[in-house]
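Structural description and commentary
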Amino acid sequence: MSVVAVISSPRKGANGDTVVNAMAEAARSNGKDVNVVYLNPMKDRRGCQGCNQCKTKGRCVVNDDLLPVLDAIREAESVILSAPVYFGCPCAQYRLLEDRFYSFLNADFSSNVAAGKKLAVVTTCGTAGAEELADKIEGTMAKLFGFKPVGKLAVGGSNPPDAAANDAELMAKAREIGSKL
Ligand SMILES: Cc1cc2nc3c(=O)[nH]c(=O)nc-3n(C[C@H](O)[C@H](O)[C@H](O)COP(=O)(O)O)c2cc1C
């Protein structure tokens, strides 16, 4: 009954971190075992190398700090994915992990992870792009890997690190989504 919560923002304690941890706490209150993963402090991480060994081995062969994250997601019942918008895209910390999701695809592009994992998505931005990014992440995970979305939060106006924490309605929504994981 495990939940993996991925935090991509380098700003510890800021908006993405706050919202994801509110979801995580709600999941814990429901008896789930939650593993919160911070991508930014990882020192040894690479993007997908395009080696295609995953297509015969069924698992990524790049043995770095992201490999246990991929394995934890593979085993999890539920996943929270979060990313801030940087220059109109997800931040680089998230993109490195996202490309490694290629290892969840077989040679025929069918998924090699169990379908039906519950998914919550959290995105943040200063002015624009969080909604589009949340839709994109949710759509990718649902379409390619059969994840089942239970909710997403796109947080705008989040340059101040405490914007989310000061938004009671948003935090209540985060807890509500977390309770579905
Ligand atoms: C390198 C960089 C690029 C950014 N690019 C955008 C952008 O294109 N659009 C936008 O609305 N906000 C942009 N921002 C603002 C961040 O999205 C916003 O402060 C952040 O998402 C808040 O997330 P966090 O509080 O979880 O760190 C950028 C911030 C940084 C540091």
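The structure contained in this document is the topic of the report that follows. (Residues numbered from 1 in each chain as written. Predicted model: local features only at pLDDT ≥ 70, side-chain atom pairs only at ≥ 80, totals over all residues.)

1. Overview of the overall build of the protein
When you go through the protein residue by residue, the secondary structure sums to six helices and six strands. Listing each helix as α and each strand as β along the protein from the N terminus yields β-α-β-α-α-β-β-α-β-α-β-α. Compactness check: the protein gives a C-alpha radius of gyration of 15 Å against a globular reference of 16 Å for 181 residues, within 12% of the reference. The principal-axis extents of the C-alpha atoms in the protein amount to approximately 50 × 35 × 25 Å. Taken across its 181 residues, the protein has 38% of its residues classed as buried. Considering only residue pairs separated by 6 or more positions, the protein has 74% of its internal contacts joining residues 24 or more positions apart. (Helix = DSSP H or I, 4+ residues; strand = E, 2+ residues; numbered from the N terminus. Rg over C-alpha atoms; globule rule 2.2 N^0.38 Å. Buried ≥ 20, exposed ≤ 12 C-beta atoms within 10 Å, placed from the backbone. Contact = placed C-beta atoms within 7 Å.)

2. Brief notes about the site of the ligand
Lining the immediate environment of the ligand, one finds 19 residues, of which Ala14, Gly16, Pro84, Thr124 and Gly126 sit closest. Listed by contribution, the elements that provide at least two residues to the shell around the ligand are helix H1 (15–29) and strand E3 (78–86). If one sorts the elements of the shell around the ligand by residue count, E3 sits on top with three residues. Residue composition of the shell around the ligand, grouped by class: eight nonpolar, 10 polar and one charged. (Near = placed C-beta within 6 Å. Nonpolar A, V, L, I, M, F, W, Y, C, P; charged D, E, K, R; others polar.)

3. Notes on the environment of Val69
By secondary structure assignment, the location of Val69 is in helix H3 (residues 67–75). Taking the C-alpha atoms as reference points, Val69 and Glu169, 100 residues apart in sequence, are found 31 Å from one another. Sequence-distant contacts of Val69, that is, excluding residues within four places in its chain, are made with Val6, Val37 and Leu97.

4. So, the pairing of strand E6 (residues 148–155)
Note: strand E5 (residues 118–124) against E6, seven bridges, orientation parallel. Paired with Lys118 across the two strands is Lys148, which belongs to E6. Of the crossover connections in this fold, the one passing from E5 over helix H5 (residues 130–145) to the parallel E6 is right-handed. (Pairing = 2+ DSSP bridges. Right-handed = clockwise from strand over helix to strand, strands pointing away.)

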